[in-house]
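Each chain, letter by letter, is given below.
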2 protein chains.
Amino acid sequence: MVRRSGRRPGNQDTKQSILESARKVFAERGFDKASIRAIAGEAQVDPALVHHYFGTKEKLFLASMNSPIDPAEVIPKAMAGPPEEAGERLVRLVLGVWDSPAGAAAVALFRSALSNEWTARLMREFVVTQVLRRAVAELGIDEAQAATRAALVATQIAGLAVVRYVLRVEPVASAPTEQLVAAIGPNVQRYLTGDLPGVFETGDGH
Amino acid sequence: MVRRSGRRPGNQDTKQSILESARKVFAERGFDKASIRAIAGEAQVDPALVHHYFGTKEKLFLASMNSPIDPAEVIPKAMAGPPEEAGERLVRLVLGVWDSPAGAAAVALFRSALSNEWTARLMREFVVTQVLRRAVAELGIDEAQAATRAALVATQIAGLAVVRYVLRVEPVASAPTEQLVAAIGPNVQRYLTGDLPGVFETGDGH
């Protein structure tokens, strides 16, 4: 295998180099067009080594984002259940992650994404390809409407993060989870499955 | 009058010094508790000079935030009209400001507010005291519910800014104003005047 020469020896150096290359390539090309091969090339290592350390492209992306959760695991669980309560479950899920000890890292990442063009691209790729795409797929939302509904959901979820964790506007900053679920869940639900006249030609999404 | 000694002579230096002091005092004490006297003290100038240059505390706050608009002027206009369409009008207003040439500065400020604790406090004070407080006052919303409804509105409006201007998630990033008004307006309306069971004990806000 090809190793990049670095100041520090050992695997840690190679892993860090791969993660940095992954962030660069994911930000530049987007998740879908980024390949393990391109990331390996950027890091000057063999693609097999990237697979060995990080597994799939999804897993490498999660590692490069320091994601405290794996959306492939938690999104299907959160979306399972009555479709008409999916909005509430989604709000409950994100509050559960962000309010957890691991959530501080997610909030810090979100904050950094908002101040830096490059991190913003990574965050957008993460939110769109790992979170929203999975959520709308689980709900079986009409493909022609999926991207719009997902982006509208993103406006509400991102804003909840901004107001609760970054700007800390009361009473949202200190509100109990279930109060926010009751307040915000139905609005997310409307974006997911509601009629959106003026947005889509047919009102019922089918 | 007392002048702070600075490297550059003239009024511009004093004005900048007052604006810096204003940002510091507004961030530390909040808008309501900040006084022209405290800001003048921080800048080592006479309070009369602050009044002379900037007028009221509100005007000084707007100047210190480089606000492209005066919420005291635009909010009452935007809120006038059928109460059941206030949500749509508010979305139309903010998109109108942000999409305007002056809006780039507002978006840059918002971005900086999200990455810096100190700017975040200023932004929160601005949003709460200058924008949301005026909006809910114009609508005559029950005082006991006003802060909650305003903060919920903030979650949607802040998230719209994040997704459209910072993360630039499509199709929201490029959507025409009226499509976003149709999509997001009713959700803002629910926060402003809708029943919010699980949030307030009585459902109708009265």
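Residues numbered from 1 in each chain as written. Chains lettered and ligands numbered in written order. Predicted model: local features only at pLDDT ≥ 70, side-chain atom pairs only at ≥ 80, totals over all residues. Heavy atoms only, no water.

- If you check an unreviewed UniProt entry, chain A appears there as AcrR family transcriptional regulator from Actinoplanes digitatis.

### Examining the overall build of chain A
Now for step 1: Across its full length, chain A holds 10 helices and zero strands.
Now for step 2: For chain A, the succession of helices and strands along the chain, N to C, is α-α-α-α-α-α-α-α-α-α.
Now for step 3: The principal-axis extent of the C-alpha atoms belonging to chain A is close to 55 × 40 × 30 Å.
Now for step 4: Burial status across chain A gives 52% buried among its 206 residues. (Helix = DSSP H or I, 4+ residues; strand = E, 2+ residues; numbered from the N terminus. Buried < 20%, exposed > 50% of the residue type's maximum accessible area, 1.4 Å probe, protein only.)

### Section: the interface of chain A and chain B
Now for step 1: Counting residues at the interface gives 41 residues for chain A, matched by 41 residues for chain B.
Now for step 2: Summed over both sides, the interface between chain A and chain B buries roughly 3,500 Å², with carbon and sulfur atoms accounting for 62% of that surface.
Now for step 3: Linking chain A with chain B are four salt bridges, by the criterion used here.
Now for step 4: When the shortest N-O distance is used, the salt bridge between Glu117(B) and Arg168(A) registers 3.3 Å.
Now for step 5: Across the chain A-chain B interface, the total number found is 20 residue pairs in polar contact (both at pLDDT 80 or more).
Now for step 6: Every element with two or more residues in the side of chain A that touches chain B is listed here: α7 (103–115), α8 (117–139), α9 (143–166) and α10 (177–193) of chain A.
Now for step 7: Element by element, the count of residues in the side of chain A that touches chain B is highest for α9(A), at 13 residues. (Contact = heavy atoms within 4.5 Å. Buried area = accessible area lost by both parts, 1.4 Å probe. Salt bridge = Lys/Arg side-chain N within 4 Å of Asp/Glu carboxyl O. Polar contact = N/O pair within 3.5 Å; in protein donor to acceptor, adjacent residues only side chain to side chain.)

### Remarks on the UniProt feature "DNA-binding region" (unreviewed entry) in chain A
Now for step 1: Taken from the UniProt record, the annotation "DNA-binding region" (unreviewed entry) applies to residues 35–54 of chain A.
Now for step 2: Its end C-alpha atoms 13 Å apart, residues 35–54 of chain A is made of 80% helix and 0% strand. (UniProt positions renumbered as here; feature names shortened; annotations may be inferred.)

### Details of the packing of aromatic side chains
Residue and element names in this part refer to chain A.
Now for step 1: Under the definition given, this model contains 12 aromatic pairs over all chains.
Now for step 2: With a centroid separation of 5.6 Å and an interplanar angle of 75 degrees, the aromatic rings of Trp 98 and Tyr 165 are classed as edge-to-face. Note that Trp 98 is positioned in helix α6 (residues 86–99) and Tyr 165 in helix α9, a separation of 67 residues in sequence. Per residue, the accessibility class of Trp 98 equals that of Tyr 165, and both read buried.
Now for step 3: An aromatic cluster of at least three residues, connected via ring pairs, comprises Phe 26, Phe 31, Phe 61 and Phe 126.
Now for step 4: The cationic tip of Lys 57 hangs over the ring face of Phe 31; the distance from NZ or CZ to the ring centre is 4.6 Å. (Phe/Tyr/Trp six-rings, centres within 6.5 Å; stacked < 30°, edge-to-face > 60°. Lys NZ or Arg CZ within 6 Å of the ring centre and 35° of its normal.)

### Examining the domain arrangement of chain A
Residues and elements named next belong to chain A.
Now for step 1: Taken as a whole, chain A is organised into domain 1 (11–64) and domain 2 (71–193).
Now for step 2: If you average the C-alpha positions of domain 1 and of domain 2, the two centres end up 26 Å apart.
Now for step 3: At the junction of the two partners, domain 1 supplies 11 residues and domain 2 supplies 10 residues.
Now for step 4: Three residues, Ala 27, Phe 61 and Leu 62, lead the burial of domain 1 against domain 2; their summed loss comes to 47% of the area buried on that side.
Now for step 5: Summed over the shared surface of domain 1 and domain 2, the result is one salt bridge.
Now for step 6: Viewed at the interface, domain 2 and domain 1 are joined by two residue pairs in polar contact (both at pLDDT 80 or more).
Now for step 7: For the side of domain 1 that touches domain 2, the secondary structure elements donating two or more residues are α1 (11–29) and α4 (57–64).
Now for step 8: Looking at which element gives the most residues to the side of domain 1 that touches domain 2, the answer is α1, with five residues.
Now for step 9: Among the residues making up the side of domain 1 that touches domain 2, the classes are represented as five nonpolar, one polar and five charged. (Domains from an automatic or database assignment. Nonpolar A, V, L, I, M, F, W, Y, C, P; charged D, E, K, R; others polar.)

### Observations regarding the relation of the copies chain A and chain B
Now for step 1: Once chain A has been moved 0.0 Å along the axis and rotated by 180 degrees, it coincides with chain B to within an RMSD of 0.0 Å. Both copies are brought into coincidence by an operation consistent with a two-fold rotation axis. Proximity to the rotation axis, assessed at the C-alpha, singles out Gly159(A) in chain A; its C-alpha lies 1.7 Å from the axis.
Now for step 2: In this assembly, 100% of the residues forming the interface of chain A have copies in chain B that are likewise at the interface, indicating an isologous arrangement. (Least-squares fit on C-alpha atoms with pLDDT ≥ 70 in both.)

### Structural notes on α8(A)
Now for step 1: The terminal C-alpha atoms of α8(A) lie 31 Å apart, and with 23 residues this matches the ideal 33 Å at 1.5 Å per residue to within 8%.
Now for step 2: Where α8(A) terminates, the next one or two residues include Gly140(A), which has phi positive at roughly 65 degrees. (Expected span 1.5 Å × (residues − 1).)

### Quick word on the pattern of salt bridges
Now for step 1: In total, this model carries 16 salt bridges over all chains according to the counting rule given.
Now for step 2: A salt bridge links Arg111(A) to Glu117(B); the shortest N-O distance between them is 3.5 Å. Pair noted here: Arg111(A) is in helix α7 and Glu117(B) is in helix α8 (residues 117–139), and the two residues belong to different chains.
Now for step 3: Across the salt bridge formed by Lys59(B) and Asp70(B), the nearest N and O atoms sit 2.8 Å from each other. With Lys59(B) in helix α4 (residues 57–64) and Asp70(B) in the loop between α4 and α5 (71–79), this pair connects stretches of sequence that are 11 residues apart.

### Focus on the nonpolar core
Soluble globular proteins tend to bury their nonpolar side chains together.
Now for step 1: Residues Trp98(A), Val162(A), Ile184(A), Trp98(B), Val162(B) and Ile184(B) are the most contacted members of the largest nonpolar core, which totals 105 residues.
Now for step 2: Discounting residues that sit within four places of it in the chain, Trp98(A) has contacts with Gly103(A), Ala104(A), Ala106(A), Val107(A), Ile157(A), Leu160(A), Ala161(A) and Tyr165(A). (Core = buried A, V, L, I, M, F, W, Y, C linked by side-chain atoms within 4.5 Å.)

### Section: the UniProt feature "domain: HTH tetR-type" (unreviewed entry) in chain A
Now for step 1: The positions UniProt marks with the feature "domain: HTH tetR-type" (unreviewed entry) are residues 12–72 of chain A.
Now for step 2: Helix and strand shares over residues 12–72 of chain A are 72% and 0% respectively, and the end C-alpha atoms of the span are 26 Å apart.

### A look at the side chain of Thr129(B)
Now for step 1: If you trace the backbone, Thr129(B) turns up in helix α8.
Now for step 2: A polar side-chain atom of Thr129(B) sits 2.6 Å from the main-chain carbonyl oxygen of Glu125(B).

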